[in-house]
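The residues making up each chain are set out below.
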2 protein chains.
Amino acid sequence: MSAVASTVSSTASTHALSPRLPAPALDIDAVAAHVPVLRRRLLAGQHLFRAGQPFRALYFVHAGFLRTSLVTSDGREQVTGFSMRGDLLGAESIGSATHVNDVVALDTCEIVELPYPAVLAACLAVPQLHGALMQALATELRRDRSWMLAIGTLSAERRVAGFLLDLAERYKALGFSASHFVLRMSRVDIGNFLALKHETVTRALSHLAATGLIEVDRREIRIRSTSQLEALACGCGDEARAA
Amino acid sequence: MSAVASTVSSTASTHALSPRLPAPALDIDAVAAHVPVLRRRLLAGQHLFRAGQPFRALYFVHAGFLRTSLVTSDGREQVTGFSMRGDLLGAESIGSATHVNDVVALDTCEIVELPYPAVLAACLAVPQLHGALMQALATELRRDRSWMLAIGTLSAERRVAGFLLDLAERYKALGFSASHFVLRMSRVDIGNFLALKHETVTRALSHLAATGLIEVDRREIRIRSTSQLEALACGCGDEARAA
DNA sequence: CGTGAACTTGAGTCTCCTCAAGAACTGTGG
DNA sequence: CCACAGTTCTTGAGGAGACTCAAGTTCACG
């Protein structure tokens, strides 16, 4: 693999929902120096792992886009997040014999597999790694809670606005445009993640487009006014009402 | 303090929402042997810490009951969890200079303070501690996601049912009755946690009582039929419809 | 016994969901 | 290159669940 100095959980916490966080300094190459890493390639639709499979490794996203979800025996499903380059996957299964959720590629992905026992061992050898890993988990926790906040306190349209801003910020952190990007997930996925129905997501997007804050062309999104979108997403009255 | 071999995050993941998890084996006494612990006593209404205060330690609940919440600058609030004996607090602030949320006692509490740098150092000296701490964080992650699932996929009454079952299970794990307990938090707190209004929580409780699954007397809860409550909470059609 | 907080209950409203139909795009095979 | 099916997305109409507003009750505490 080329020398990509990616960072784990480079994404800060959810946009506009809690204090911004610096990217933890876990260098995947530093890990690779101590852990026998494997590379895996996934095509869109393939699973990285499924709930119930034995937990043996953490995964680092080198390229691509994935969806993590929880499925219950009675068929309910909850998308708990979307991952892109630099994100860590599988951490929630630490301490469990099996994976607790499903991760599926939404795109062609390149994944670095980090066998967990080896990672643990490496942590003892490299103290910084230990702290960095803890930090990665804590960052995950903060991110989840930011979304709990969004889902618990914002209307449908505001959740969608926040979702777009979060994506924008993450794309920006990876060097892509923050104002023009293509959604890799369906409306159903977005809705499931935000605790909304897909029709509601569509309506929210349509309405945001009608008010001129964004432009929508199927999965292509263009953000016209980040500031107004932010005002909407964080519920700060003024500009939000104007929209 | 008496020699209580408490475990961190002894509570399994949220009831009926995802696979049950074994309690991680982090013995607070083992930690105490390597870390200079401090004890703190809190009265109901006092804060253990607030968002913005410097992050310096993790906290272990030795007795009492606490509420964790996220507050935004525009006044929105999200309760992200309730903690009781054996739970770890402050983990979500690891890697952040300051605490990211508020923790307030709902009851008289006894808290063991574990200075974070010392905990990190102890992890290197005691490998098991390292794994146990990671596990505690992962358990938190699983718990949060189980609630995301509940909030995203269940109706108000089912969320409340799941909430009661979760509490029951946690009380049981601590050796208390799983079928008869007193809520330490207000309807407002429950509602905020479950993304509902307090009137809705009251109505859900009233209706559960009317159907005979529970008895409610202000904050005193008596569970009459755990199985029917479970059927309701996990959305498994049959018994749920009968109720 | 008075005050305030917490809880309960009702009535009306609104947001979001449900159901349904149609449009746009994708990939396949003729 | 076009027809076809399948999926995804859009939009509308109607309904249901949860919210809002409001009043009244109970309880805790001084």
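Residues numbered from 1 in each chain as written. Chains lettered and ligands numbered in written order. Predicted model: local features only at pLDDT ≥ 70, side-chain atom pairs only at ≥ 80, totals over all residues. Heavy atoms only, no water.

Moving on, we get to the protein's contact with DNA strand D. For DNA strand D, the set of nearby residues contains 18 residues, the closest of which are Arg187, Ser206 and Arg219 of chain A together with Ala156 and Thr200 of chain B. In the interface set of DNA strand D, defined as its atoms within 4 Å of the protein, sugar plus phosphate atoms amount to 68%. Within the side chain of Thr200 of chain B, one N or O atom sits 2.3 Å away from a phosphate oxygen of DNA strand D. Sorting elements by how many residues they give to the surface near DNA strand D places helix α6 (residues 198-210) of chain A first, with five residues. Here the surface near DNA strand D is composed, by residue class, of three nonpolar, six polar and nine charged. (Near = heavy atom within 4 Å. Polar contact = N/O pair within 3.5 Å; in protein donor to acceptor, adjacent residues only side chain to side chain. Helix = DSSP H or I, 4+ residues; strand = E, 2+ residues; numbered from the N terminus. Nonpolar A, V, L, I, M, F, W, Y, C, P; charged D, E, K, R; others polar.)

Our next topic: the environment of Val104 of chain B. All names here are of chain B. Mapped onto the elements, Val104 comes out in strand β7 (residues 102-105). Between the C-alpha atoms of Val104 and Tyr171, which are 67 residues apart in sequence, the distance is 20 Å. In this structure, Val104 is in contact with Gly45, Gln46, His47, Leu48, Phe65, Leu66 and Arg67, ignoring residues within four places of it in sequence. (Contact = heavy atoms within 4.5 Å.)

With that settled, consider the protein's contact with DNA strand C. DNA strand C sits among 18 residues. The nearest are Ala156 and Thr200 of chain A together with Arg187, Ser206 and Arg219 of chain B. Here DNA strand C approaches the protein such that, of its atoms within 4 Å, sugar and phosphate make up 67%. A distance of 2.9 Å separates a phosphate oxygen of DNA strand C from a polar atom in the side chain of Thr202 of chain B. In this structure, a base nitrogen belonging to DNA strand C sits 2.9 Å away from a side-chain N or O atom of Arg203 of chain B. Those elements giving two or more residues to the surface near DNA strand C turn out to be α6 of chain A together with α6 (198-210) of chain B. No other element matches α6 of chain B, which puts five residues into the surface near DNA strand C. The residue makeup of the surface near DNA strand C, split by class, is three nonpolar, six polar and nine charged.

Glancing now at the confidence of the model for chain A. Residues and elements named next belong to chain A. When pLDDT is averaged along chain A, the result is 86; 85% of the residues meet or exceed 70. By mean pLDDT, helix α8 (residues 237-242) is the weakest element of chain A at 44, and helix α5 (residues 187-194) is the strongest at 98. Confidence drops under pLDDT 50 across residues 1-25; counting only partners more than four residues distant or on other chains, this segment forms 76 contacts. Across residues 238-243, where pLDDT falls below 50, the model places six contacts with residues more than four positions away in sequence or in other chains. (pLDDT = per-residue confidence, 0-100.)

Before going further, it helps to spend a moment on the sheet that holds strand β10 (residues 214-217) of chain B. Residue and element names in this part refer to chain B. The strand order across the open sheet formed by three strands is β9-β11-β10, and the pairing between neighbours is antiparallel. Lying at the two open borders of the sheet, with one neighbouring strand each, are β9 (180-182) and β10. Direction aside, neighbouring strands of the sheet carry axes that sit 15° apart on average. Of the pairings in the sheet, the one linking β10 to strand β11 (residues 220-223) comprises four bridges and is antiparallel in character. Paired with Val216 across the two strands is Ile221, which belongs to β11. (Pairing = 2+ DSSP bridges. Axes fitted to C-alpha atoms, helices over the stretch in contact; angles between N-to-C directions.)

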